[in-house]
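The chain contents come next:
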Amino acid sequence: IPTVLSTKSDLLLRDFELVCELSTVAYVNIASTITTLDPTLAAALEPGASPPERRLRMLEHLSLSGMHTGLHAMPVIPLLTDTEENLSSLFEAVKRCGIDYLITDPLNLRGQTKEQFFAFLRKQFPKQYLSLVRLYQSGCLDQKYKQRMRTRIQALYQKYDVSDSYHKPFSNAETTQLSLF
């Protein structure tokens, strides 16, 4: 039975032995959301989350232990995390740390999320605020901007030879239910 764990923390290392045991009887995929390696930007966008470098070290450690690992660079936020420098640093980190895949998706804003995010932007990123409001004026990210972003990201997948698939063939080996106690 496949197990997928996605986190913004590095606390999974606290239960490393348990995760290793689970990986002997089931497919385990461990992913972490990291939208930027810039610690200042990360702290502003993800208050309370483990710093990106600690999450990367966790993924690297798990990868070296034979686990299937991934980096979820989601959401990609126009004008904040979609810069060439930021995206390239994420792809480079995936290669350097032996992470199996990287997936991206642009920021989607719906309902109250949109209102709350724009209030956050007005306060934290006033220089980008009006431009972002324009990019999302129809409720979704401007399609031309979204296509340009996708084209740039696809070029990075090719440049760094990084997979965008979080699927790994599941073993046909017989699995055993672990005891809870």
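As the structure is a prediction and not an experimental result, all values here were calculated from the model.

> Residues and numbers for the overall build of the protein chain, please.
When you go through the protein chain residue by residue, the secondary structure sums to seven helices and four strands. Sequence-ordered secondary structure for the protein chain, helices as α and strands as β, is β-α-β-α-α-β-α-β-α-α-α. In terms of overall dimensions, the protein chain has a C-alpha envelope of 55 × 35 × 30 Å along the principal axes. Taking all 181 residues of the protein chain together, 44% fall into the buried category. Partitioning the intrachain contacts of the protein chain with sequence separation of at least 6 by distance along the chain shows that 78% fall at a separation of at least 24. Entry remark: accessible area of the protein chain is about 10,700 Å², with carbon and sulfur atoms responsible for 54%. Positive and negative charge centroids in the protein chain, built from 20 and 19 side chains respectively, lie 10 Å apart.

> How would you summarise the confidence of the model for the protein chain if you had to cite specific residues and measurements?
Across the protein chain, the average pLDDT comes to 90, with 92% of residues at or above 70. Below a pLDDT of 50 lies the segment residues 170-175, which in the model reaches four contacts outside its immediate sequence neighbourhood of four places, other chains included.

> Please provide a residue-by-residue account of the sheet that holds strand β2 (residues 28-33), values included.
Strand order in the open sheet made by the four strands is β1-β2-β3-β4, with parallel pairing throughout. Since the sheet does not close on itself, it has two edges, and those belong to β1 (3-7) and β4 (101-106), each with one partner. In this sheet, adjacent strand axes meet at a mean angle of 20° when their direction is disregarded. Bridge count between β1 and β2: five bridges; the pairing is parallel. Bridge pairing in β2 links Val4 to Asn29. Here helix α4 (residues 84-97) sits on the sheet in contact with β3 (68-76) and β4, set at roughly 155° to β4.

> Tell me what's going on with the packing of aromatic side chains, and back it up with residues and numbers.
Here a ring pair, both rings aromatic, is described through the centre-centre distance and the interplanar angle of the planes. As enumerated under the stated definition, the model contains seven aromatic pairs in all. Summarising the aromatic geometry, the rings of Phe118 and Tyr129 are spaced 6.2 Å apart at their centres and angled 90° between planes, so their arrangement reads as edge-to-face. One end of the pair, Phe118, is in helix α5 (residues 111-124); the other, Tyr129, is in helix α6 (residues 126-135), and eleven residues separate them in sequence. Each member of the pair, Phe118 as well as Tyr129, carries the same accessibility label: buried. An angle of 65° between the planes, with centres 5.9 Å apart, marks the rings of Phe120 and Phe125 as edge-to-face. For Phe120, a relative accessible area of 24% puts it in the partly exposed group. Three or more aromatic residues link up through ring pairs in this structure, and these residues are Phe117, Phe118, Phe120, Phe125 and Tyr129.

> So what about the packing of α5 against α6? Which residues, and what values?
In the contact formed by α5 and α6, the axes pass within 6 Å of each other and the chain directions differ by 145°. Of the residues in α6, those touching α5 at Phe118, Leu121, Arg122, Lys123 and Gln124 are Pro126, Tyr129, Leu132 and Val133. The class makeup of the residues in the contact of α5 with α6 is six nonpolar, one polar and two charged.

> I'd like to hear about the nonpolar core, residue by residue, with values.
Grouped together as the largest cluster of nonpolar side chains are 46 residues, with contacts concentrated most on Leu56, Leu71, Phe91, Leu102, Leu121 and Tyr136. Not counting residues within four places of it along the chain, the set of residues in contact with Tyr136 comprises Pro78, Leu107, Leu109, Lys114, Phe118 and Leu141.

> With reference to specific residues and values, describe α4.
Here α4 contains 14 residues, and its C-alpha end-to-end distance of 20 Å stays within 8% of the 20 Å for a straight helix at 1.5 Å per residue. What α4 keeps buried is the set Asn86, Leu87, Ser88, Ser89, Leu90, Phe91, Ala93, Val94 and Cys97. Contacts from the buried residues of α4 go to α3 (52-64), β3, β4 and α7 (143-160). Just beyond α4, the residue with positive phi is Gly98, at close to 70°.

> A description of the packing of α4 against α7 should follow, citing residues and the corresponding values.
The interhelical angle for the contact between α4 and α7, taken along N-to-C directions, is 30°, at an axis separation of 10 Å. α7 is crossed by α4, and the crossing has right-handed handedness. Counting all contacts with α4, which are made through Glu84, Leu87, Ser88, Phe91, Glu92 and Lys95, the residues of α7 involved are Arg152, Ile153, Leu156, Tyr157 and Tyr160. Class assignment of the residues belonging to the contact of α4 with α7 gives a composition of six nonpolar, one polar and four charged.

Scoring rules and cut-offs
Residues numbered from 1 in each chain as written. Predicted model: local features only at pLDDT ≥ 70, side-chain atom pairs only at ≥ 80, totals over all residues. Heavy atoms only, no water. Helix = DSSP H or I, 4+ residues; strand = E, 2+ residues; numbered from the N terminus. Buried < 20%, exposed > 50% of the residue type's maximum accessible area, 1.4 Å probe, protein only. Contact = heavy atoms within 4.5 Å. Areas by Shrake-Rupley, 256 points an atom, 1.4 Å probe, with all protein chains shown as cover. Lys, Arg positive; Asp, Glu negative; His and termini not counted. Charge placed at Lys NZ, Arg CZ, Asp CG, Glu CD. pLDDT = per-residue confidence, 0-100. Pairing = 2+ DSSP bridges. Axes fitted to C-alpha atoms, helices over the stretch in contact; angles between N-to-C directions. Phe/Tyr/Trp six-rings, centres within 6.5 Å; stacked < 30°, edge-to-face > 60°. Nonpolar A, V, L, I, M, F, W, Y, C, P; charged D, E, K, R; others polar. Core = buried A, V, L, I, M, F, W, Y, C linked by side-chain atoms within 4.5 Å. Expected span 1.5 Å × (residues − 1). Left-handed = near helix turned anticlockwise from the far one by under 90°.

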